[in-house]
Amino acid sequence: MSQKVNLNAYFERIGFAGSIAPTLATLELLHALHPAAIAFENLNPLLGLPVKLDLASLQSKLLTERRGGYCYEHNLLLMAMLKDLDFNVRGLTARVLWNDPDTTQSHHMLLAVDINSSTYIADVGFGGLTMTAPLKLKADTEQTTPHESFRLTGGDPEWLLEAKMGEAWRPLYAFETSEKTMADFEEANRFLANDPASPMRSELRVALAPSGKRLTLKNNRLTTYVEGSEPVSQQLSSVAEMREVLTTSFGMALPPADVLDPKLAAMLAEAGIAPQAPPPADDMGPEVAEN
């Protein structure tokens, strides 16, 4: 039995209102709103918790629990929503070249969406450089988005996606347009979620792309990027401060404190930041019960 898509919960989560016709304008609006509202984050693999890709689990985590996720979670959720809106969409995989230009492993997921005889790629799960608009599958053309400009090159059969950083083009990932199966995504997800060699197991990575800026958190370093300005970074120095940033700046609900806080404390210790002592008993204020 197919799983039920909760479009209303998705629309509420990302703040979508408007036409739901399967047009480029609808796709563009969804693609801008999704990464502005639902954070890219890897808390589950970092904490040794499972990353489930069935639709019920994705909707529960990203919509009901108001968490985020990484590429498979974001793009499988978006694909389910687009299919329910009668878009012609298929899932693809890519080799991430950003930090490993020689990799042969396809551990990233993106989407191909066909609209009016043209194909667009959509990807709401690429961390700090997540696209905020779909890109037309067309070679050697600079394409603007609400954030950076991108371009695609190649295409016979492999495409290369590049982002414009200043005046230079930096490769993000390479992909082919042949459709992949859920088994392909599950296999790569097992590596990302469970293998000690996975980058998702070794450091905290969180990103959000609200209008006009990008926010990233790598371990305890929070960076804000505003177009036309130099990035502003700060080191977070306590578990309380990290929790505040995750909930307020990134809009995330968090895993239980007894699971998350020791990991955050260990992360701070690795950065050379000593744990802060709790305030004296007289200054702790009234006891607050947690639900």
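Above this text is the structure in question.
Scope of this entry: the structure provided in the associated data block. All values derive from a computational prediction rather than experimental measurement. (Residues numbered from 1 in each chain as written. Predicted model: local features only at pLDDT ≥ 70, side-chain atom pairs only at ≥ 80, totals over all residues. Heavy atoms only, no water.)

Okay, unusual backbone geometry next. Residue Pro157 is bonded to the preceding Asp156 through a cis peptide linkage, with omega at 5°. In this structure, Asn116 takes a positive phi of about 50° despite not being glycine. Structurally, the position occupied by Asn116 is in the loop between strand S3 (108-115) and strand S4 (118-122). Phi is positive for Ser117, close to 70°, though the residue is something other than glycine. (Helix = DSSP H or I, 4+ residues; strand = E, 2+ residues; numbered from the N terminus.)

Now for helix H2 (residues 24-37). For H2, spanning 14 residues, the distance from its first C-alpha to its last is 20 Å, which sits close to the expected 20 Å at 1.5 Å a residue. Burial in H2 covers these residues: Thr26, Leu27, Leu30, His31, His34, Pro35 and Ala37. Buried residues of H2, viewed axially, fall in a sector of 160°; they line one side. Where H2 is buried, its residues touch helix H1 (7-14), helix H5 (71-84), S3, S4 and strand S10 (205-208). (Expected span 1.5 Å × (residues − 1). Buried < 20%, exposed > 50% of the residue type's maximum accessible area, 1.4 Å probe, protein only. Arc of directions from axis to C-beta. Contact = heavy atoms within 4.5 Å.)

Think of it this way: side chains of opposite charge can pair up when their charged atoms draw near. Summed over all chains, the structure comprises 11 salt bridges. For Glu142, the salt bridge is made with Lys164, and the minimal N-O distance between the two is 3.6 Å. Taken together, the residues span a long stretch of sequence, with Glu142 in the loop between strand S5 (135-136) and strand S6 (143-144) and Lys164 in strand S8 (residues 159-165) at a distance of 22 residues. Under the relative-accessibility criterion, Lys164 is labelled partly exposed at 25%. Among the ionic pairs, Glu203 bridges to Arg205, the shortest N-O distance being 3.0 Å. Note on Glu203: relative accessible area 15%, which makes it buried. (Salt bridge = Lys/Arg side-chain N within 4 Å of Asp/Glu carboxyl O.)

Let's shift gears to the sheet that holds strand S12 (residues 221-226). Spatially, the five strands line up as an open sheet ordered S1-S10-S11-S12-S13, and their pairing is antiparallel. The strands lining the two open edges of the sheet, one partner per strand, are strand S1 (40-41) and strand S13 (232-235). As defined by bridge partners, S12 adjoins S13 across four bridges and the pair is classed as antiparallel. Bridge assignment links Arg221 to a residue of S13, and that residue is Gln235. (Pairing = 2+ DSSP bridges.)

Taken in spatial order, the eight strands make up an open sheet running S5-S4-S3-S2-S9-S8-S7-S6, and their pairing is antiparallel. Two strands bound the open sheet, and with one partner strand each, they are S5 and S6. In terms of strand pairing, strand S2 (residues 88-96) meets strand S9 (residues 168-175) through three bridges, oriented antiparallel. Considered in S9, the bridge of Arg95 is made with Ala174.

Our focus in this paragraph is the environment of Ser202. Relative to the assigned elements, Ser202 resides in the loop between helix H6 (182-194) and S10. Under the relative-accessibility criterion, Ser202 is labelled exposed at 52%. For Ser202, the side chain forms a polar contact with the main-chain oxygen of Pro199, separated by 3.3 Å. (Polar contact = N/O pair within 3.5 Å; in protein donor to acceptor, adjacent residues only side chain to side chain.)

What follows deals with the nonpolar core. Ranked by internal contacts, the top residues of the largest apolar core, which has 43 residues, are Tyr10, Tyr72 and Leu82. For this core, the elements supplying multiple residues, two or more each, are H1, H2, helix H4 (55-64), H5, S3, S4 and H6. Top element by residues in this core is H5. It accounts for nine residues. When residues no more than four places from it in sequence are discounted, the contact partners of Tyr10 are Leu30, His34, Ile38, Leu63, Leu77, Leu78 and Met81. In terms of nonpolar packing, the next biggest core, distinct from the first, is built from 22 residues, Leu46, Leu217, Leu264 and Leu268 among them. (Core = buried A, V, L, I, M, F, W, Y, C linked by side-chain atoms within 4.5 Å.)

Let us now look at the packing of aromatic side chains. According to the stated counting rule, one finds six aromatic pairs in the structure shown. Both rings, one in Tyr70 and one in Tyr72, keep their centres 6.4 Å apart while their planes meet at 75°; by these two values the pair is edge-to-face. A relative accessible area of 1% means that Tyr70 is categorised as buried. Aromatic ring contacts, followed pair by pair, group Tyr10, Phe11 and Phe16 into a single cluster. Lying over the aromatic face of Trp98, Arg170 brings its terminal NZ or CZ to 3.9 Å of the ring centre. (Phe/Tyr/Trp six-rings, centres within 6.5 Å; stacked < 30°, edge-to-face > 60°. Lys NZ or Arg CZ within 6 Å of the ring centre and 35° of its normal.)

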